[in-house]
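# Structure assessment
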Amino acid sequence: MKAVVLSDWGGAENFAVQEIATPTIKADEVLVKVKAFGVNPADFKTRSGAAPYSKDYSHPIVLGWDMAGEVVEAGADVTTFKPGDAVYGMVNFPKPGQAYAEYVAAPATHLALKPTTLSFDEAAAAPLAVLTAWQALTEHGQLKAGERVLIQAASGGVGHLGVQLAKALGAYVIGTASGKNETFVRSLGVDEFIDYTQTNVEESVSDIDFVFDTAGADTIMASARVLKPNGRLISIAYGAMDNVLAIRPDIHAERILVHTSGDDLRTINQLIDNGKVKITVSEVLPADQIADAHQKLESRRTTGKIVLTF
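A few words now on the layout of surface pockets. Gaps between atoms show up when a probe of the same size as a water molecule is rolled over them. What the largest pocket holds in volume is close to 1200 Å³. Ala153, Thr214, Ala215, Gly216 and Arg300 are, among the 43 residues lining the largest pocket, the residues nearest its centre. The element best represented in the lining of the largest pocket is helix H7 (residues 217–225), accounting for four residues. The residue inventory of the lining of the largest pocket, partitioned by class, reads 21 nonpolar, 15 polar and seven charged.

Put into structure tokens, the structure is as follows:
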């Protein structure tokens, strides 16, 4: 099969499309013919060797976790999927998922049936980002209907899903992004929009119950300061979380790492198929343009998600 292989830690120039052996599956796995695979910031952090879980890899390696495709073989212990099923998922995160390939061996528990309303491209864009947002809001943030929520970087891959999920859960949502993305963010259903390039967030909002920070250390402090006492701050970015608690010991502040869950995807599927959550794919590229995809992600100026196909 064809796969995108990384020869060494470092820049995106270390990627190359090569022929490698098709994986064999274990009893609890399925073999998926990949129709599309997604890329995430976690991918380029791993590629560079900067991610804490990079130690789980040895070169040459196949990166990637997000994919959508068709089951071609099911292991002896698998009862949930059969050949021909359209599936999607985040495979083995944060350990090697090897999704940048034509075929992926995936534990059945990491997958769900593809939402009927999504194309394979859209489904491949969803898993890591939508699971991150869902787990941040529900599992860690305990978001309740009627609460005031601030989503930092609301136009990004995770942020645009956080907005929609928070609205689906009944929250009042305020989203930040640059002015050029205002129309897009408003289309997601935010109740208020803040152009962070023109407006100081701390001067614009207050009495926030919950902040979902997807932007990083530069926004962590501002996020903390707008929270009401006993508010919650959940971040997915590496940043100064200890400093946050020093200035706001009266809040709950936590950095999280997404975990794979076919069960969570099945719950989210209902929101997707009911039209409450839409996946925005900014670009679909051929697999041999993986370096371009990583460079665009690293610019942090993308809207929605980038996916690739062989």
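Now for the packing of aromatic side chains. One pass over the full model with this rule turns up five aromatic pairs. For the ring pair Phe37 and Phe310, a centre distance of 5.7 Å and an interplane angle of 45° mean the geometry is tilted. On the criterion of sequence distance, the pair formed by Phe37 in strand S3 (residues 29–38) and Phe310 in the segment after strand S15 (305–309) is long-range, its members being 273 residues apart. Each residue in the set Phe15, Phe37, Tyr100 and Phe310 is aromatic and connected to the rest through ring pairs, giving one cluster. In this structure, Lys33 is placed above the aromatic ring of Tyr103, and the distance from its NZ or CZ to the ring centre is 5.6 Å. Looking at Lys35, its charged tip hangs above the ring of Phe120, at a distance of 6.0 Å from the centre.

Another point: the side chain of Ser235. When you line up the elements, Ser235 lands in strand S12 (residues 227–235). Ser235 sits in the buried class, given a relative accessible area of 0%. A polar contact is formed between the side chain of Ser235 and the backbone nitrogen of Ala237, at a distance of 3.1 Å. With sequence-adjacent residues up to four places away left out, Ser235 is seen in contact with Asp213, Ile220, Met241, Glu254, Arg255 and Ile256.

What follows deals with the sheet that holds strand S10 (residues 192–195). What holds strands together in a sheet is hydrogen bonding between their backbones, with the strands either parallel or antiparallel. Taken in spatial order, the six strands make up an open sheet running S10-S9-S8-S11-S12-S13, and their pairing is parallel. In this open sheet, the two strands that pair with only one neighbour each are S10 and strand S13 (252–255). For this sheet, the mean angle separating the axes of adjacent strands, direction not counted, is 15°. Pairing of strand S11 (residues 208–213) with S12, which is carried by five bridges, proceeds in the parallel orientation. Its bridge partner lying in S12, Asp213 is registered against Ser235. Sheet contacts for helix H3 (residues 127–140): S11, S12 and S13; angle to S11, the most-contacted strand, approximately 150°.

Reading guide: rules and limits
Residues numbered from 1 in each chain as written. Predicted model: local features only at pLDDT ≥ 70, side-chain atom pairs only at ≥ 80, totals over all residues. Heavy atoms only, no water. 1 Å grid on protein atoms, 1.4 Å probe; cavity = no way out; pocket = protein on both sides within 12 Å on 5 of 7 lines; lining within 4 Å. Points joined across faces, edges and corners; volume = space filled by probe spheres on them. Helix = DSSP H or I, 4+ residues; strand = E, 2+ residues; numbered from the N terminus. Nonpolar A, V, L, I, M, F, W, Y, C, P; charged D, E, K, R; others polar. Phe/Tyr/Trp six-rings, centres within 6.5 Å; stacked < 30°, edge-to-face > 60°. Lys NZ or Arg CZ within 6 Å of the ring centre and 35° of its normal. Buried < 20%, exposed > 50% of the residue type's maximum accessible area, 1.4 Å probe, protein only. Polar contact = N/O pair within 3.5 Å; in protein donor to acceptor, adjacent residues only side chain to side chain. Contact = heavy atoms within 4.5 Å. Pairing = 2+ DSSP bridges. Axes fitted to C-alpha atoms, helices over the stretch in contact; angles between N-to-C directions.

Distances and angles like these do not, on their own, reveal function.
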